[in-house]
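What the coordinates show
Each chain, letter by letter, is given below.
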Amino acid sequence: MTDHREAAAAAFEAAYGHAPTGVWSAPGRVNLIGEHTDYNNGYVLPFAIDRRTWAAVGVRDDRQLRLRSTFSTYEVVASLDTLDPATMDGWSAYVLGVAWAMQDAGIDLSAASGLDILIDSDVPVGAGLSSSAALECAVGVAFDELWNLGLDKLALARVGRVAENKAVGAPTGLLDQAASMLAEDDHVVFLDCDTEDARPVSLHLRDENLTILVMNSNVEHEHATGGYGDRFASCAKGAAALGVTTLREIGESDLPRAQEALDEETYRRIRHVVTENQRVLDTVATLEAEGPRAIGELLNASQASMRDDFEITVPEIDLACNTAVVAGAIGARMTGGGFGGSAIALVPADAVETIASAVTTALANAGLREPTIFTVTPSQGARRDY
Ligand code: GLA
């Protein structure tokens, strides 16, 4: 297997003619449970995957940021003095957006030096695995260290979220960046998006001989346009009609009142968020009391809620989840924003081949797009590698 740290450093040297000061990296993520709850100030339970984005970075003696990557042929050049989210686009928007979001948060970058940056990544793009957060967080930790900012991981996650919201234009929550910054080996991150308290919860996958299968539908999603924003708007509409600032303020006991007050579709959207918050709490309690083999029904209930109430799944994802469970998965559900992307299945390690081939066959028989299926390991968050 390629050592991406060395590959990124070598590509940097080839591009800029000298060795980088360092190499930083951050992972993509899978959300175990808690979908579309983050921007409603609810609960999420993600982990980082063993697919990362690397940023090899060298210090310049001017104020320019120069960006290159192993997946594009062009170079992007910008000045730290004139960063403007309105003019950022493509993958470089995630990098420049982080520097701009730091300035926007009042962090003084007036003494910051320019940087040469080379990006490499093995996080699949468009798969719902947060390649964008991996990029934001990899450069976030690099900027923090090279500019001596002393920001903590949560502050860097917030900066990444602002970059995504303003430079890329997707109204997303803190889930992806918090996972990429805070994650630990073999743990999920239990994040309360209201208080922003986070703590690791042990998954015990290794002890239990379990693994997580990612089933990428290869149906590409896009959160800056389309259904994601519609769901965001429905949640805001429901909250306003119920007289609350965020949906975090209501629980399952408020659902009868919500049903009275809301139109049928908005009610189902709200019911998903409210029940999903409860499922995150139940998953944490179940993991801690009984371990991962006991969370299957919660994963399946979340998938059903996203399919029927929130309506963010696609046929490929629904069939993949159903088939995985019938073939022996403990539970399966879509992960991420929806409208394509990936599902996950919690599976016995010795059943990976059987379940993956059952899913591939079922999708082929239904005339649906062929999935890409692979296992992931809950891994460490953003860090310096070199
Ligand atoms: C995307 C967004 C996250 C979150 C999820 C849905 O991944 O980036 O902020 O809203 O969708 O849970």
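The structure we're discussing is the one just above.
Numbers given to residues run from 1 along each chain, matching the order in which its sequence is written. With the structure being a predicted model, the display of local features is reserved for residues of pLDDT at least 70 and the display and counting of side-chain atom pairs for 80 or more, all residues being used for whole-chain, interface and lining totals. Side-chain metrics in this entry use all non-hydrogen atoms of the structure; hydrogen atoms and water are not considered.

Bringing the pairing of strand β11 (residues 342-348) into the picture now. The classification of residues rests on relative accessible area computed with a 1.4 Å probe and restricted to protein chains. Under 20% of the type maximum is buried, over 50% is exposed, and intermediate values are partly exposed. Numbering goes from the N terminus for both helices and strands, where a helix is a DSSP run of H or I of at least four residues and a strand is a run of E of at least two. Most of β11 sits out of view: 7 of its 7 residues are buried. Burial along β11 is two-sided: Ser342, Ile344, Leu346 and Pro348 facing one way and Ala343, Ala345 and Val347 facing the other are all buried. When DSSP finds two or more bridges between a pair of strands, those strands are recorded as paired. In this sheet, β11 lies alongside strand β9 (residues 210-216) in antiparallel orientation, the contact comprising 7 bridges. When the bridges of β11 are listed, valine 214 appears paired with isoleucine 344. Connecting strand β10 (residues 331-335) to the antiparallel partner β11 that follows it, the hairpin turn spans 6 residues, and glycine 336 within it adopts a positive phi of roughly 95°.

Here we come to the layout of surface pockets. Two kinds of site are reported from a 1 Å grid over the protein atoms alone, namely cavities, where a 1.4 Å probe fits but cannot get out, and pockets, open sets with protein on both sides within 12 Å along at least five of seven lines, and residues are called lining when an atom falls within 4 Å of a point. Grid points are joined across faces, edges and corners, and a volume is the space filled by probe spheres set on the points. What the largest pocket holds in volume is close to 700 Å³. Along the wall of the largest pocket there are 44 residues; nearest its centre are Tyr94, Ser131, Ser132, Glu164 and His221. Put simply, the parts of the chain that give the lining of the largest pocket at least two residues each are β6 (115-121), α3 (131-146), α4 (153-168) and α5 (175-182). With 3 residues, α3 is the largest single contributor of residues to the lining of the largest pocket. Residue ranges assigned to each domain were obtained from an automatic or database domain assignment. Two domains each put at least three residues into the lining of the largest pocket: domain 1 (4-200 + 380-384) and domain 2 (203-376).

Packing of helix α2 (residues 92-104) against α3 brings their axes to within 9 Å, and their N-to-C directions diverge by 50°. Comparing the axis directions of α2 and α3 gives the class oblique. Where α2 crosses over α3, the handedness of that crossing is right-handed. Taken together, the residues of α3 that come into contact with α2 (itself represented by Tyr94, Val95, Val98, Ala99 and Met102) are Ser132, Leu135, Glu136, Val139, Gly140 and Phe143. Amino acids outside the nonpolar list (Ala, Val, Leu, Ile, Met, Phe, Trp, Tyr, Cys, Pro) and the charged list (Asp, Glu, Lys, Arg) are all regarded as polar, and Gly is one of them. For the contact of α2 with α3, the class distribution of residues is 8 nonpolar, 2 polar and 1 charged. Angles shown run from 0 to 180 degrees and are taken between the N-to-C directions of axes, each axis being a line fitted to C-alpha atoms and, for helices, limited to the stretch in contact. Between 65 and 115 degrees an angle is taken as roughly perpendicular, under 35 as roughly parallel, over 145 as roughly antiparallel, and anywhere else as oblique. Crossings are sorted by hand: turned counterclockwise from the far helix by less than a right angle, the near helix makes the crossing left-handed, and turned clockwise it makes it right-handed. Whether two residues are in contact is decided by their heavy atoms, any of which lying within 4.5 Å being enough.

Between Lys or Arg on one side and Asp or Glu on the other, a salt bridge is scored when a side-chain nitrogen of the former is within 4 Å of a carboxyl oxygen of the latter. Using the criterion set out here, one finds 24 salt bridges in the structure. Residue arginine 5 is joined to aspartate 3 by a salt bridge in which the shortest nitrogen-to-oxygen separation is 3.0 Å. The partly exposed category is assigned to arginine 5, whose relative accessible area is 31%. In this structure, arginine 333 engages glutamate 35 in a salt bridge whose closest nitrogen and oxygen atoms are separated by 2.8 Å. Here the residue arginine 333 occupies a position in strand β10, and glutamate 35 occupies one in the loop between β1 (22-31) and β2 (43-44), the gap between them amounting to 298 residues.

So, on to unusual backbone geometry. One non-glycine residue with positive phi stands out, namely histidine 36, at about 60°. Among the residues examined, histidine 36 registers a relative accessible area of 4% and is labelled buried. Of note in the backbone geometry, asparagine 209 takes a positive phi value of approximately 60° without being a glycine. By secondary structure assignment, the location of asparagine 209 is in the loop between β8 (198-202) and β9.

Below, the discussion takes up the sheet that holds strand β7 (residues 187-192). The strand order across the open sheet formed by 3 strands is β2-β7-β8, and the pairing between neighbours is antiparallel. Both outer strands of the open sheet, β2 and β8, are each paired with one neighbouring strand and no more. With 2 bridges connecting them, β2 and β7 associate as antiparallel partners. Residue valine 44 lies in a different strand from β7, and its bridge partner there is leucine 191. Strands in contact with helix α8 (residues 264-289) are β2, β7 and β8; relative to β8, the strand with the most contacts, it is inclined by about 50°.

Geometric descriptors of this kind do not, in isolation, establish any biological role.
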